[in-house]
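Letter by letter, the chains look like this.
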Amino acid sequence: MLATRFIIALLLLIMAGCATQIRSTSDLAGQVDQQLVEHRYGDALRSVEEFAAREPNTEHLGRLREHAVATAARYESEAIVAANEKVAGGDWHAAQVIYRKARFNYPESSALSAAEK
């Protein structure tokens, strides 16, 4: 009886895992768009690369990758410009807050790391 319950629970976990797996580039596009809206730029770029490792590199996947990279780059530059404006105005603390938030949203960014120093 206990073994049957364990097997049923295990099967349910496997089915739940399969249901959350991204199966197509349109599913991936939805996930990446959501991550970009949530300012999770590193996660969006990782999602594209992980999918590309499993699937053939299609034109749609290439456009999705370009969109994610461009959005992340735009975020980087906007954060750096905003922080530099704060520094120019003498508000070092506000600049640090901007960098801290930007590094939280995009920890993989080497441009943010370099600009913060």
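Scroll up to find the structure this text is about.
Residues numbered from 1 in each chain as written. Predicted model: local features only at pLDDT ≥ 70, side-chain atom pairs only at ≥ 80, totals over all residues. Heavy atoms only, no water.

Draft legend 1. A look at the overall build of the protein. A count of helices and strands for the protein gives six helices and zero strands. Counting from the amino terminus, helix and strand elements in the protein follow one another as α-α-α-α-α-α. The buried share of the protein, taken over its 117 residues, is 28%. Of the contacts formed within the protein by residues at least 6 apart in sequence, a portion of 52% connects residues at least 24 apart. (Helix = DSSP H or I, 4+ residues; strand = E, 2+ residues; numbered from the N terminus. Buried < 20%, exposed > 50% of the residue type's maximum accessible area, 1.4 Å probe, protein only. Contact = heavy atoms within 4.5 Å.)

Draft legend 2. Expanded view of unusual backbone geometry. Of note, the phi angle at His39 is positive, near 60°, even though the residue is not glycine. Within the element layout of this structure, His39 appears in the loop between helix 2 (25-37) and helix 3 (41-54). Residue classification places His39 among the partly exposed positions, given a relative accessible area of 36%.

Draft legend 3. Focus on the environment of Gln35. Tracing the chain through its elements places Gln35 in helix 2. According to the relative accessible area criterion, Gln35 is buried, its value standing at 5%. C-alpha of Gln35 to C-alpha of Ala68: the two residues are 33 residues apart in sequence and 9.5 Å apart in space. Beyond its immediate chain neighbours, meaning those up to four positions away, Gln35 contacts Arg40, Asp43, Ala44 and Ser47.

Draft legend 4. Spatial organisation of the side chain of Ser47. Note on placement: Ser47 falls in helix 3. Residue class for Ser47 comes out buried when judged on its relative accessible area of 9%. Ser47 has contacts with Leu28, Gln31, Val32 and Gln35, leaving out every residue within four places of it along the chain.

Draft legend 5. Examining the nonpolar core more closely. Leu28, Val32, Tyr41, Leu61, Leu64, Tyr106 and Leu112 are the most contacted members of the largest nonpolar core, which has 23 residues in total. For this core, the secondary-structure elements that each account for two or more residues are helix 2, helix 3, helix 4 (59-88) and helix 5 (92-105). Tallying contributions element by element places helix 4 first for this core, with eight residues. (Core = buried A, V, L, I, M, F, W, Y, C linked by side-chain atoms within 4.5 Å.)

Draft legend 6. Seen up close, helix 3. With 14 residues, helix 3 ought to run about 20 Å at 1.5 Å a step, and its terminal C-alpha atoms sit 21 Å apart, in line with that. Of the residues making up helix 3, those classed as buried are Tyr41, Gly42, Ala44, Leu45, Ser47, Val48, Phe51 and Ala52. Tucked into the core, helix 3 has its buried residues touching helix 2, helix 4 and helix 5. (Expected span 1.5 Å × (residues − 1).)

Draft legend 7. Structural context of the packing of helix 3 against helix 4. Contact pair helix 3 / helix 4: the axes reach a minimum separation of 10 Å and the direction vectors enclose 160°. Overall, the two elements helix 3 and helix 4 adopt an arrangement that is roughly antiparallel. Handedness of the helix 3/helix 4 crossing: left-handed. In this structure, helix 3 uses Tyr41, Leu45, Val48, Glu49, Phe51 and Ala52 to contact helix 4, whose residues at the interface are Leu61, Leu64, Arg65, Ala68, Val69, Thr71, Ala72 and Tyr75. Residues of the contact of helix 3 with helix 4, tallied by class, amount to eleven nonpolar, one polar and two charged. (Axes fitted to C-alpha atoms, helices over the stretch in contact; angles between N-to-C directions. Parallel < 35°, antiparallel > 145°, perpendicular 65-115°, else oblique. Left-handed = near helix turned anticlockwise from the far one by under 90°. Nonpolar A, V, L, I, M, F, W, Y, C, P; charged D, E, K, R; others polar.)

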